[in-house]
Amino acid sequence: MKIQGKNKYLKWLLLVGVVAVILILGVVYFIQNNKISQSMTVFESKFAPLSMTAFIGEEEAAVYEALGIQEEDIASTWERANDRFVLLKNPLLYQEKTLQLQLTIYNGMLSEVAYIFQGQDENGWEFSKQLYQDLEKKYGEAKTYPTMSNRVEGLTLEQLQKEEYNLYRDFWVVDDLNFEKFYTSEEQKESYRGDLKLTVEKRPNAENVWEIAVGLSPMFNQAGD
């Protein structure tokens, strides 16, 4: 009888232990999902493309402070000519797509924001097409010169799936963005208009892995065009 009672007690302890483990796993799962949900919300509000354009032309330190970027958040930096490229470390979630954010700094100012899709041709293509539609909705029809080849407007997934370098572009005349800090003279300011350029670039990265970079930056066109 004592042995039976002891066995029942052990079974009861085992059952309690199993239930406790299930409850703990459930709590951990909830917390992790909640963190992911929060990170998506934060990214969509702070790093969404049409929000990031407002930072173009702002001082690097001010951009970092506004976006909450710390030194430990930066994966790598490299320079080319007068540009310095800053790649953020942690992948971000945006509309269920995983990407990395790259900032270009020119003369101490943010000059371009790019969304990097590594080995994700379809996600990069969908992202670029959605951004094109969002820009059309906000600024109207693209003002890209009719003779310009390789436009984002007609870009197909099949084109992006080719493992070869290519660059696609479109631009919009904007009235709510100020690119004056990029002008080097009053004459340039009077002669050229700062438009918003959308680029989609298929390229190999430093590790020779193909990636898609969807970028937003100023494009200076002759005033009156």
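Overview of the structure. (Residues numbered from 1 in each chain as written. Predicted model: local features only at pLDDT ≥ 70, side-chain atom pairs only at ≥ 80, totals over all residues. Heavy atoms only, no water.)

## Here's the deal with the overall build of the protein chain
Quick note on the threshold: A helix here means a DSSP run of H or I that spans at least four residues, while a strand means a run of E at least two residues long, and both kinds are numbered starting from the N terminus. Only protein chains enter the accessibility calculation, which uses a 1.4 Å probe. A residue is then buried if its area is under 20% of the maximum for its type, exposed if over 50%, and partly exposed in between. Contacts are assigned to residue pairs with any non-hydrogen atoms lying within 4.5 Å of each other. Areas reported here follow the Shrake-Rupley algorithm with a probe of radius 1.4 Å; residue values treat only the protein chains shown as occluding.
The helix and strand tally for the protein chain stands at 6 helices and 8 strands. Along the protein chain, from the amino end to the carboxyl end, the secondary structure elements read α-α-α-β-β-β-β-β-α-α-β-α-β-β. Going through the 225 residues of the protein chain one by one, you find that 37% of them count as buried. Intrachain contacts of the protein chain at a sequence separation of at least 6 include 59% that bridge at least 24 residues. Put simply, the protein chain shows about 13,700 Å² of open surface, and 52% of that area lies on carbon and sulfur atoms.

## Concerning empty space enclosed by the protein
Put simply, the test is: Cavity means a closed set of points on a 1 Å grid over the protein atoms alone, one where a 1.4 Å probe fits but cannot get out, pocket means an open set with protein on both sides within 12 Å along at least 5 of 7 lines, and lining means a residue has an atom within 4 Å of a point. Grid points are joined across faces, edges and corners, and a volume is the space filled by probe spheres set on the points. Each residue is assigned to one class: nonpolar for Ala, Val, Leu, Ile, Met, Phe, Trp, Tyr, Cys and Pro, charged for Asp, Glu, Lys and Arg, and polar for all the others, Gly among them.
Here the structure, examined in full by the defined rule, presents 1 cavity of 30 Å³ or more. Surrounding the largest cavity, P49, Y94, Q95, F127, Q130, L131 and D134 form its lining. Per-element accounting of the lining of the largest cavity gives the leading share, 4 residues, to helix α4 (residues 121-139). Classifying every residue of the lining of the largest cavity by side-chain character gives 4 nonpolar, 2 polar and 1 charged.

## Regarding the nonpolar core
Let me state the cut-off plainly: Nonpolar cores were defined as sets of buried Ala, Val, Leu, Ile, Met, Phe, Trp, Tyr and Cys residues, with membership established by side-chain atoms within 4.5 Å.
By size, the foremost hydrophobic cluster in this structure holds 43 residues, and its most contacted members are M52, L101, L103 and L198. Apart from the residues lying within four places of it in its own chain, the contact partners of L103 are M52, Y64, I69, R84, F85, V86, L110, E112 and V113.

## What to know about the layout of surface pockets
Empty space within the largest pocket amounts to approximately 740 Å³. As for the largest pocket, its lining consists of 30 residues, and the residues nearest its centre are R80, F85, Q102, E201 and R203. Among the elements of the structure, β1 (74-80), β2 (83-88), β4 (97-106), β5 (109-118), β7 (192-204) and β8 (210-222) are those that each provide at least two residues to the lining of the largest pocket. The residue inventory of the lining of the largest pocket, partitioned by class, reads 12 nonpolar, 10 polar and 8 charged.

## Things to note about the environment of V86
Its place among the elements puts V86 in strand β2. Given a relative accessible area of 1%, V86 falls into the buried group. Taking the C-alpha atoms as reference points, V86 and T104, separated by 18 residues in sequence, lie 6.3 Å from one another. Leaving out residues up to four positions away in the same chain, V86 has contacts with E60, Y64, I74, S76, T77, L101, Q102, L103 and I105.

## Quick word on α4
Rule in force here: What a helix should span is 1.5 Å times the count of its residues minus one.
Here α4 spans 27 Å end to end across 19 residues, near enough to the 27 Å set by a 1.5 Å rise per residue. Within α4, the full set of buried residues consists of G124, F127, S128, K129, L131, Y132, L135 and Y139. Downstream of α4 by a residue or two, G140 has a phi angle that is positive, lying close to 90°.

## Some details on the environment of V209
Assignment of secondary structure puts V209 in the loop between β7 and β8. Between the C-alpha atoms of V209 and Q118, which are 91 residues apart in sequence, the distance is 7.4 Å. Among residues more than four places away in sequence, those in contact with V209 are Q118, R203 and P204.

## Observations concerning the packing of aromatic side chains
Spelled out, the test is: Only the six-membered ring of Trp is used, alongside the rings of Phe and Tyr, when aromatic pairs are assigned; centres must lie within 6.5 Å, and planes under 30 degrees apart are stacked while those over 60 apart are edge-to-face, with the rest tilted.
Tallied over the entire structure, the rule returns 8 aromatic pairs. Geometrically, the ring pair formed by W78 and F85 is stacked, given 5.5 Å between the ring centres and 20° between the ring planes. Taking 6.5 Å as the distance between ring centres and 65° as the angle between the ring planes, the aromatic pair formed by F179 and F182 counts as edge-to-face. The class for F182 is buried, based on a relative accessible area of 11%. Members of the aromatic cluster, each reached through a chain of ring pairs, are F179, F182, Y183 and F220.

## Looking at unusual backbone geometry
Positive phi, normally seen in glycine, also occurs at N107, with a value near 50°. The topology assignment puts N107 in the loop between β4 and β5. One non-glycine residue with positive phi stands out, namely N208, at about 65°. With respect to the helices and strands, N208 occurs in the loop between β7 and β8.

Honestly, that's just the spatial picture; any functional story needs more than this.
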